[in-house]
Amino acid sequence: MQAYEFYAKPKDGMITIPEQYRNIITDNIQVIILEKTPWSFNREEANARKKTDLLSPPFLKTKGWKFNREEANER
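Residues numbered from 1 in each chain as written. Predicted model: local features only at pLDDT ≥ 70, side-chain atom pairs only at ≥ 80, totals over all residues. Heavy atoms only, no water.

Draft legend 1. Region of interest: the overall build of the protein. Helix and strand counts for the protein stand at two helices and zero strands. In the protein, which comprises 75 residues, the proportion classed as buried is 5%. (Helix = DSSP H or I, 4+ residues; strand = E, 2+ residues; numbered from the N terminus. Buried < 20%, exposed > 50% of the residue type's maximum accessible area, 1.4 Å probe, protein only.)

Draft legend 2. Looking closely at the pattern of salt bridges. Under the defined criterion, the tally for this structure stands at one salt bridge. Note that glutamate 19 and arginine 22 form a salt bridge whose closest N and O atoms lie 3.0 Å from each other. Of the residues examined, arginine 22 reaches a relative accessible area of 39% and is grouped as partly exposed. (Salt bridge = Lys/Arg side-chain N within 4 Å of Asp/Glu carboxyl O.)

Draft legend 3. Structural view of a nonpolar patch on the surface. On the surface, a nonpolar cluster with roughly 410 Å² of combined accessible area is contributed by Ile15, Ile29, Val31 and Ile33. Tracing the backbone through its elements, the reader meets isoleucine 29 in the segment before α1 (43-48). Judged by its relative accessible area of 52%, isoleucine 29 falls in the exposed class. (Patch = residues over 30% accessible without salt bridge, like charges linked within 9 Å, V, L, I, M, F, W, Y side chains within 5 Å. Areas by Shrake-Rupley, 256 points an atom, 1.4 Å probe, with all protein chains shown as cover.)

Draft legend 4. The environment of threonine 26, seen in detail. With respect to the helices, strands and loops of the structure, threonine 26 is situated in the segment before α1. Within the local environment of threonine 26, its side chain forms a polar contact with the side chain of aspartate 27, the two groups lying 3.2 Å apart. (Polar contact = N/O pair within 3.5 Å; in protein donor to acceptor, adjacent residues only side chain to side chain.)

Draft legend 5. Highlighting the packing of aromatic side chains. Here the structure, examined in full by the defined rule, presents two aromatic pairs. Linked through ring pairs, Tyr4, Phe6 and Tyr21 together constitute an aromatic cluster. (Phe/Tyr/Trp six-rings, centres within 6.5 Å; stacked < 30°, edge-to-face > 60°.)

Draft legend 6. Region of interest: unusual backbone geometry. Of note, the phi angle at aspartate 12 is positive, near 55 degrees, even though the residue is not glycine. Checked against the element boundaries, aspartate 12 lands in the segment before α1. When its relative accessible area of 75% is taken as the criterion, aspartate 12 is described as exposed. With phi around 50 degrees, asparagine 28 is a residue other than glycine that occupies positive phi space. When you line up the elements, asparagine 28 lands in the segment before α1. Owing to a relative accessible area of 77%, asparagine 28 belongs among the exposed residues under this scheme.

Here it is as structure tokens:
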């Protein structure tokens, strides 16, 4: 199974498959619709960013933490 992801805006109840996928996606597809949320990026921003840029920074301060392998394995 191959997956393709793209952003689309439904028009009259129809979602258009982007031109670059039209010859690849021809039949027997499964559609899952995820509603765009207010905090999600718009299409241009999402395409311009690397996936690693979309990750949030950690909220845990780890500066000064030190432990050895045995201690890490205990956790």
